Amino acid sequence: MNYFLKDIPERTQKPRQSGCTMVMDKGLSLRQVEDFLSSAGAYTDIVKLGFGTSAVTPNLQEKINLYKEAGIPTYFGGTLFEAFLVRGQFEDYVRTLHKFGVEHVEVSDGSIELPHDVKCEYIHKLSKEFTVLSEVGSKDAEKIIPPYKWIQFMQAELDAGAWKVIGEAREGGNVGLFRSSGEVRSGLVEEILTKIPSEKIIWEAPQKTQQVWFIKLCGPNVNVGNIAPNEVIPLETIRLGLRGDTFMDFLSNKNFEETII
Amino acid sequence: MNYFLKDIPERTQKPRQSGCTMVMDKGLSLRQVEDFLSSAGAYTDIVKLGFGTSAVTPNLQEKINLYKEAGIPTYFGGTLFEAFLVRGQFEDYVRTLHKFGVEHVEVSDGSIELPHDVKCEYIHKLSKEFTVLSEVGSKDAEKIIPPYKWIQFMQAELDAGAWKVIGEAREGGNVGLFRSSGEVRSGLVEEILTKIPSEKIIWEAPQKTQQVWFIKLCGPNVNVGNIAPNEVIPLETIRLGLRGDTFMDFLSNKNFEETII
Amino acid sequence: MNYFLKDIPERTQKPRQSGCTMVMDKGLSLRQVEDFLSSAGAYTDIVKLGFGTSAVTPNLQEKINLYKEAGIPTYFGGTLFEAFLVRGQFEDYVRTLHKFGVEHVEVSDGSIELPHDVKCEYIHKLSKEFTVLSEVGSKDAEKIIPPYKWIQFMQAELDAGAWKVIGEAREGGNVGLFRSSGEVRSGLVEEILTKIPSEKIIWEAPQKTQQVWFIKLCGPNVNVGNIAPNEVIPLETIRLGLRGDTFMDFLSNKNFEETII
């Protein structure tokens with residue numbers, strides 16, 4: 001911190017298991033990556049090259065290297081895994097990961113129908129040489145998964161070898177964990193948390209109100225994802241109680257009248 | 001592409017007549033233009049310096065030159081044409097285009113009442129020395145133009161010498177082609193396409209759902225415009241079926257069960 | 001202006017008392033600040049380092065210096081003042097301002113309950129060595145302050161030594177001056193303006209429709225704030241009548257038929 005403030009919640013330190021911020025890069029140039037790292041790199045734990053953007057981003061290898069030199073791993077969006085899979089090119093996908101030196105991989109079924117045991121086999125296979133993030137939840141707003149199924153899927157995917165499971169929300173924050181209005185399916189989240197440890201989940205929460213909701217529920221060191229690069233510093237202030245939304249939440253003394261000079 | 005994927009829709013190549021992406025620059029600095037070009041330049045066909053921003057943007061000539069060196073023509077937003085016209089400064093406008101070496105020009109009547117034959121005269125006159133983009137549709141949400149009028153205007157403007165016609169949506173995507181909610185006036189678009197060839201139209205579609213709608217209707221090589229600089233790469237993935245929204249649309253084999261290992 | 005247009009409204013010149021644009025920087029990197037200054041610096045009067053972002057922004061001193069060298073003062077968001085106050089660290093806050101060479105300070109009570117006379121004492125005390133911006137309005141959407149109270153607060157804060165008072169809207173533009181939909185509380189604003197001179201108020205107006213509303217009501221030289229860095233040039237065109245929204249508002253001759261060639 002640039003100045004001393006009492007009674008600021010303690011943040012976990014890198015490499016973090018909880019309190020992670022996962023950022024979505026959907027096509028930054030190399031210099032934009034440098035800009036991002038110089039402002040928000042310290043608060044970023046992992047970067048997703050969103051959906052299939054890595055297919056068409058120039059200087060992909062240089063970009064991955066820039067992040068790696070800053071100590072931040074990258075992975076390709078789950079949609080890309082699905083795009084290879086649906087074309088019968090799973091082996092090509094693994095070769096692509098090797099080629100670019102990417103050590104994390106997302107396994108998802110947001111756009112395809114994949115029997116859950118088959119999904120878990122992919123997680124298991126990939127977990128032997130990669131750190132696997134697996135995603136639960138459909139990108140299809142019509143497809144409602146009941147809470148007990150979310151829990152069952154998450155537990156099975158962690159058992160299969162996933163490092164963490166991701167709760168789907170898309171870039172817009174309007175499916176999966178959220179209603180089309182962006183409102184959190186709070187009952188769903190609370191039920192999930194009765195069974196799955198918070199630190200094993202990354203909640204996609206691209207909208208500020210969603211980030212606030214998770215931080216209020218789980219505390220400053222909740223894992224959130226799909227954060228836009230220019231929202232990482234604002235998010236950090238929400239975690240620390242330095243934005244209006246959580247200003248009072250982490251104060252030990254909420255009655256400050258005696259502190260006024 | 002940075003890796004090989006089967007069954008990816010074929011994109012047209014520059015210089016494109018269809019499949020064009022028109023980007024709106026509303027005040028980028030020179031270095032931001034460089035950043036943009038280094039990531040998304042290959043997927044950008046033409047850049048509009050939005051509305052009257054060129055009046056107050058520093059280093060305007062250098063900016064136009066930067067785009068030109070990257071093979072991307074620029075033009076001033078139609079509102080600027082109207083601003084000169086309404087002040088009786090049409091000749092000054094032509095001189096301004098010459099001075100800055102701008103070779104494309106938009107003719108529009110989004111903010112003024114212009115008899116349509118007079119608009120076509122301007123198109124005709126300017127088309128002798130410029131590539132003309134003419135825009136149909138009002139910026140006034142109250143002013144509903146019936147479909148047969150859209151068709152009649154578009155045809156007359158093409159006949160007058162317009163290279164392409166633009167369907168109005170504004171930066172917000174909430175007028176003209178769209179309802180105030182951003183929803184596409186789908187009947188309008190479908191009726192237009194019965195009469196005007198798709199490649200002669202650039203659809204302003206700043207919102208993702210709008211881009212998806214046009215790509216689903218017209219295919220990967222539809223012309224779309226008013227794209228924000230940082231949305232060009234995401235748009236390219238929608239064209240290629242590498243984002244959830246169009247993931248299944250361009251796959252020849254939609255039943256992929258046999259491809260799963 | 002990059003070309004001559006007749007009948008453009010006259011803008012005030014720096015250092016401005018009216019017509020100010022207050023920008024919210026919520027975590028730009030140093031190079032992003034340079035980019036911003038090179039495009040929009042001439043149209044920016046003051047920069048707020050939003051809420052508590054200054055706590056976690058790297059290179060804070062260098063950033064403040066960059067703005068200062070461009071002739072643009074910075075100040076910390078009012079939430080930071082409140083964060084120090086609530087912890088009994090008011091003196092630390094003053095030391096922090098000195099340490100970073102910040103000469104403007106915001107006094108607000110958006111997240112805390114502060115008796116109004118105590119707030120005015122802070123304004124008075126700080127105004128002896130800083131230029132004080134004081135903010136009226138709660139960040140809590142539930143807390144509706146009636147118009148006569150807004151006026152009473154604003155007048156008392158100006159009397160206590162505030163250079164200008166700020167009408168609260170947050171970054172989202174959905175509280176204080178605005179309904180949760182973002183719509184302006186127009187009756188409130190009009191009533192305020194019967195008592196408080198327009199040039200003494202900075203209206204937080206992050207959304208375009210809000211900026212347009214204030215410019216239509218108060219003219220091109222209204223003070224507006226919480227402008228995103230990349231919206232400063234678009235805002236300038238709204239002030240000048242070079243965007244569709246205010247195209248006709250500042251034209252002396254609204255009947256231009258004789259001007260058409």
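How each quantity is defined
- Residues numbered from 1 in each chain as written.
- Chains lettered and ligands numbered in written order.
- Predicted model: local features only at pLDDT ≥ 70, side-chain atom pairs only at ≥ 80, totals over all residues.
- Heavy atoms only, no water.
- Least-squares fit on C-alpha atoms with pLDDT ≥ 70 in both.
- Contact = heavy atoms within 4.5 Å.
- Helix = DSSP H or I, 4+ residues; strand = E, 2+ residues; numbered from the N terminus.
- Pairing = 2+ DSSP bridges.
- Right-handed = clockwise from strand over helix to strand, strands pointing away.
- Buried < 20%, exposed > 50% of the residue type's maximum accessible area, 1.4 Å probe, protein only.
- Phe/Tyr/Trp six-rings, centres within 6.5 Å; stacked < 30°, edge-to-face > 60°.
- Lys NZ or Arg CZ within 6 Å of the ring centre and 35° of its normal.
- Axes fitted to C-alpha atoms, helices over the stretch in contact; angles between N-to-C directions.
- Buried area = accessible area lost by both parts, 1.4 Å probe.
- Salt bridge = Lys/Arg side-chain N within 4 Å of Asp/Glu carboxyl O.
- Parallel < 35°, antiparallel > 145°, perpendicular 65-115°, else oblique.
- Left-handed = near helix turned anticlockwise from the far one by under 90°.
- Nonpolar A, V, L, I, M, F, W, Y, C, P; charged D, E, K, R; others polar.
- Core = buried A, V, L, I, M, F, W, Y, C linked by side-chain atoms within 4.5 Å.
- Expected span 1.5 Å × (residues − 1).

> Summarise the relation of the copies chain B and chain A; cite the residues concerned and give the values.
Rotating chain B by 120° and moving it 0.0 Å along the rotation axis overlays it on chain A with an RMSD of 0.0 Å. When the rotation and shift are considered jointly, the pair of chain copies conforms to a three-fold rotation axis. Residue Q32 of chain B of chain B places its C-alpha closer to the rotation axis than any other residue of that unit, at 5.1 Å. The fraction of interface residues of chain B whose copies in chain A are also interface residues is only 3%, indicating that the copies meet through different surfaces.

> Can you break down unusual backbone geometry residue by residue, with the values?
Put simply, K14 of chain B and P15 of chain B share a cis peptide bond, and its omega is -5°. Summarising the element assignment, P15 of chain B is placed in the segment before β1 (21–25). For D7 of chain A, which is not glycine, the phi torsion reads 60° and is therefore positive. Topologically, D7 of chain A is positioned in the segment before β1 (21–25).

> Residues and numbers for the pairing of strand β8 (residues 224–227) of chain A, please.
Residues and elements named next belong to chain A. Both β1 and β8 contribute to a ladder of 2 bridges, which runs parallel. Along β8, the bridge assignment pairs T21 with V224. Examined bridge by bridge, strand β7 (residues 201–204) and β8 share 2 bridges and lie parallel to one another. When the bridges of β8 are listed, E204 appears paired with G225. Taking the sense of rotation as the criterion, the β-α-β connection linking β7, helix α9 (residues 208–218) and β8 turns out right-handed.

> Quick one: what's the story with the pairing of strand β7 (residues 201–204) of chain B, residue by residue and with numbers?
All names here are of chain B. Here β7 shows no split at all, with I201 and W203 on one side and I202 and E204 on the other all buried. Here strand β6 (residues 164–167) pairs with β7 via 3 bridges, running parallel. Considered in β7, the bridge of I166 is made with I202. Handedness of the crossover joining β6 and β7 through helix α8 (residues 186–193): right-handed.

> Tell me what's going on with the packing of aromatic side chains, and back it up with residues and numbers.
Under the defined criterion, the tally for this structure stands at 30 aromatic pairs over all chains. Considering the side-chain rings of F84 of chain B and Y3 of chain C, the 5.5 Å spacing of their centres and the 55° angle between planes classify their relative orientation as tilted. Linking F84 of chain B in helix α4 (residues 78–86) with Y3 of chain C in the segment before β1 (21–25), this pair reaches from one chain into another. Y3 of chain C shares its class with F84 of chain B; the two are buried. Taking NZ or CZ as reference, K164 of chain C lies 4.8 Å from the ring centre of W163 of chain C, over its face.

> Could you give me a rundown of the sheet that holds strand β3 (residues 74–76) of chain A, with the residues and numbers involved?
Residues and elements named next belong to chain A. Here we have 8 strands laid out as an open sheet, ordered β3-β2-β1-β8-β7-β6-β5-β4, and parallel in their pairing. Bordering the open sheet on either side are β3 and β4 (104–107), each of which pairs with just one other strand. In this sheet, adjacent strand axes meet at a mean angle of 25° when their direction is disregarded. Two strands pair when backbone bridges link them, and strand β2 (residues 46–49) and β3 are joined in this way by 3 bridges, in the parallel orientation. Paired with L49 across the two strands is F76, which belongs to β3.

> Describe the interface of chain B and chain A, listing the residues and the values that go with them.
Listed by partner, the interface residues are 33 residues for chain B and 41 residues for chain A. For the chain B and chain A pair, buried surface summed over both sides reaches about 3200 Å², with 59% attributable to carbon and sulfur atoms. Remark: the boundary between chain B and chain A carries 5 salt bridges. With a shortest N-O distance of 2.5 Å, E171 of chain A and R243 of chain B are connected by a salt bridge. Contributions of two or more residues to the side of chain B that touches chain A are made by α1 (30–40) and α10 (232–239) of chain B. Considering each element in turn, the side of chain B that touches chain A owes the most residues, 5 residues, to α1 of chain B.

> Describe the relation of the copies chain C and chain A, listing the residues and the values that go with them.
In screw terms, the move from chain C to chain A is a rotation of 120° and a rise of 0.0 Å along the axis, fitting with an RMSD of 0.0 Å. Interface residue correspondence from chain C to chain A reaches only 2%, placing this contact among heterologous pairings that use different surfaces.

> Describe the packing of helix α1 (residues 30–40) of chain C against helix α3 (residues 60–69) of chain C, with residues and values.
Residues and elements named next belong to chain C. Where α1 meets α3, the axes come as close as 10 Å, and the angle between the chain directions of the two elements is 10°. With respect to α3, the axis of α1 lies roughly parallel. Judged by the twist between their axes, the crossing of α1 over α3 is right-handed. Here α1 contributes L30, V33, E34, F36 and L37 to the contact with α3, which in turn contributes E62, K63, L66 and Y67. Split into classes, the residues belonging to the contact of α1 with α3 amount to 6 nonpolar, no polar and 3 charged.

> Lay out the nonpolar core with the relevant residues and their values.
The biggest cluster of nonpolar side chains holds 237 residues, and the ones touching the most others in it are F76 and F214 of chain A, F76 and F214 of chain B together with F76 and F214 of chain C. Discounting residues that sit within four places of it in the chain, F76 of chain B has contacts with L49, S54, L60, I64, Y93, T96, L97, F100, V102 and E106 of chain B.

> Outline the side chain of S111 of chain A, supporting the account with residue identities and numerical values.
Its location among the elements puts S111 of chain A in the loop between β4 and α6 (116–127). Given the relative accessible area of 17%, S111 of chain A is considered buried.

> An account of helix α7 (residues 147–160) of chain A is requested, with residue identities and associated values reported.
Residues and elements named next belong to chain A. With 14 residues, α7 should reach 20 Å at 1.5 Å per residue; the first-to-last C-alpha distance of 20 Å fits that figure. Listed as buried for α7 are W150, I151, F153, M154, E157, L158 and A160. At its buried positions, α7 is contacted by α6, β5 (131–136), β6 (164–167), α8 (186–193) and β7.

> Tell me what's going on with the sheet that holds strand β4 (residues 104–107) of chain B, and back it up with residues and numbers.
Residue and element names in this part refer to chain B. If you walk across this open sheet you meet the 8 strands as β3-β2-β1-β8-β7-β6-β5-β4, and the pairing is parallel. Each end of this open sheet is capped by a strand with a single partner; those strands are β3 (74–76) and β4. Put simply, the sheet's adjacent strands are angled 25° from each other on average, direction ignored. Sheet analysis places strand β5 (residues 131–136) next to β6, joined by 4 bridges and oriented parallel. Directly across from E135, in β6, lies its bridge partner I166. The strands touched by helix α3 (residues 60–69) within the sheet are β1, β2 (46–49) and β3, with β2 carrying the most contacts at an inclination of about 165°.

> Describe the packing of helix α4 (residues 78–86) of chain A against helix α5 (residues 90–100) of chain A, listing the residues and the values that go with them.
Residue and element names in this part refer to chain A. Closest axis-to-axis distance for the α4/α5 pair is 7 Å, and the angle between their directions is 140°. Taken together, α4 and α5 sit at an angle that is classed as oblique. On α5, the residues touching L80, F81, F84 and L85 of α4 are F90, D92, Y93 and T96. Partitioning the contact of α4 with α5 into residue classes produces 6 nonpolar, 1 polar and 1 charged.

> An account of the pattern of salt bridges is requested, with residue identities and associated values reported.
All told, the structure shown has 60 salt bridges over all chains when counted by the stated rule. A salt bridge links R31 of chain A to E34 of chain B; the shortest N-O distance between them is 2.8 Å. In this pair, R31 of chain A sits in helix α1 (residues 30–40) while E34 of chain B sits in helix α1, so the two residues belong to two different chains. You can call R31 of chain A partly exposed: its relative accessible area is 22%. The shortest N-O distance in the salt bridge between K26 of chain C and E171 of chain C comes to 2.6 Å. One end of the pair, K26 of chain C, is in the loop between β1 and α1; the other, E171 of chain C, is in the loop between β6 (164–167) and α8 (186–193), and 145 residues separate them in sequence. Three or more residues joined by partner-sharing salt bridges are found here, namely K26, R170 and E171 of chain A together with K208, E231, R243 and D245 of chain B.

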